[in-house]
Amino acid sequence: MTSDKKTILSGMRPTGKLHLGHLVGALENWVALQDTYANYHLIADYHALTTNLDSSGLYQNSLDMVIDWLAAGIDPSKSPIFRQSQIKEHTELHLILSMLITAARLERNPAVKDQVRELHIQNVSYGHLGYPVLQAADILLYRGDLVPVGEDQVPHVEISREIARRFNAQYGKVFPEPEPKLTKFARLPGLDGIDRKMSKSGGNTILLSDPPDEIQRKMRTAITDPQKVRKNDPGHPEVCLVYTFHQKFNADDTSAIERDCRSGALGCVECKKRIAGKIGEVLAPFREARAHYDAHPGDVKEVLADGEKRARVRARETMEAVRGAMKLG
Ligand code: SF4
């Protein structure tokens, strides 16, 4: 990794096997950035505890997620892949940064309010309220210049910028102010409706690891244009989520699909069969790569061990600079 490249920190909570929404929303972007930037890919396992205290599945979920990252084309020799819990400097920097933000500022964070509502949380824990501070520590520990986000996530990066500014003003400049790197972050709808995001908790996903017959089965359940009841009824692709999948994964045939849907020449059963077949084809190399890593779990553990070693070097350098700036000896 050369030092003249800007540094990007990106990560995910380990929720197990990934789905098409992750591919379109993040992984394609990560792969595209890996030659231009110095990328650090974080498995945010401590973050997962903010909304679910059960840690028993975190390790296996982390391994499953790493396999999906590798199968999607992340090259670990370019971009270290590592678990937050294995780099102790995350917790140390988190503690220091937590002094630089008020509880009132964290209480105003709309993301926590959304999670409380969606997950029916009765009492917000200290750790949950403070997760943007842990996020700031994740980014600043690697002296991240850029954080790839969709427009709705820009406020999260703003808290990290505020904390970096406060540290630099109080103790001397150690951290760059991380900039949001706006990316397209296409949002893939879930199979249960065009307004619903594909998400594991929504139970409306196609996994990257699903075999072709499972993709066909799931696609048969997808919601289509409610006005197209019989096969030959004219349809409205613009309100049909199956058409959204054609646009993303079957771009060459999109005009023909649109024309035949509108005229009634194409029925929804056939239309779904075609896109499920296409997605199965697109994911074939992915399944093949995944099968390799499934059969060689030692390779995956090595990727983690190597990534954690390299991440630790950067993290330790930062903490030395932090302690130096704070005159802690
Ligand atoms: S034919 Fe295809 S695009 Fe048209 S409504 Fe049915 S599933 Fe949607």
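Below: a short report on this structure. (Residues numbered from 1 in each chain as written. Predicted model: local features only at pLDDT ≥ 70, side-chain atom pairs only at ≥ 80, totals over all residues.)

**Re the environment of Leu-95**
With respect to the element layout, Leu-95 can be found in helix α4 (residues 89–98). Expressed as a C-alpha distance, the spacing of Leu-95 and Ala-315, which sit 220 residues apart in the sequence, is 15 Å. (Helix = DSSP H or I, 4+ residues; strand = E, 2+ residues; numbered from the N terminus.)

**Here's the deal with the site of the ligand**
Every one of the 14 residues lining the ligand counts as a neighbour, but Gly-235, Cys-240, Cys-261, Cys-268 and Cys-271 are closest to it. Only α11 (241–249), α12 (254–263) and α13 (268–282) provide two or more residues apiece to the shell around the ligand. Here the element with the most residues in the shell around the ligand is α13; it accounts for three residues. Here the shell around the ligand is composed, by residue class, of nine nonpolar, two polar and three charged. (Near = placed C-beta within 6 Å. Nonpolar A, V, L, I, M, F, W, Y, C, P; charged D, E, K, R; others polar.)

**Looking at helix α15 (residues 297–325)**
The first and last C-alpha atoms of α15 sit 42 Å apart over 29 residues, in line with the 42 Å expected at 1.5 Å per residue. Among the residues of α15, Val-300, Val-303, Gly-307, Ala-311, Ala-315 and Val-322 are the ones counted as buried. On its buried face, α15 sits against β2 (38–43), α3 (58–71), β3 (81–83), α4, α8 (131–141) and α14 (284–295). A positive backbone phi angle near 55 degrees is found at Lys-327, which sits one or two residues after α15. (Expected span 1.5 Å × (residues − 1). Buried ≥ 20, exposed ≤ 12 C-beta atoms within 10 Å, placed from the backbone. Contact = placed C-beta atoms within 7 Å.)

**Some details on the packing of α4 against α8**
At their nearest, the axes of α4 and α8 sit 8 Å apart, and the two run at 120 degrees to each other. One way to sum up the angle between α4 and α8 is to call them oblique. For the pair α4 and α8, the crossing hand works out as right-handed. Residues Glu-89, His-90, Leu-93, His-94, Leu-97 and Ser-98 of α4 touch α8, and the partners they reach there are Val-133, Leu-134, Ala-136, Ala-137, Asp-138, Leu-140 and Leu-141. For the contact of α4 with α8, the residue count by class is eight nonpolar, three polar and two charged. (Axes fitted to C-alpha atoms, helices over the stretch in contact; angles between N-to-C directions. Parallel < 35°, antiparallel > 145°, perpendicular 65-115°, else oblique. Left-handed = near helix turned anticlockwise from the far one by under 90°.)

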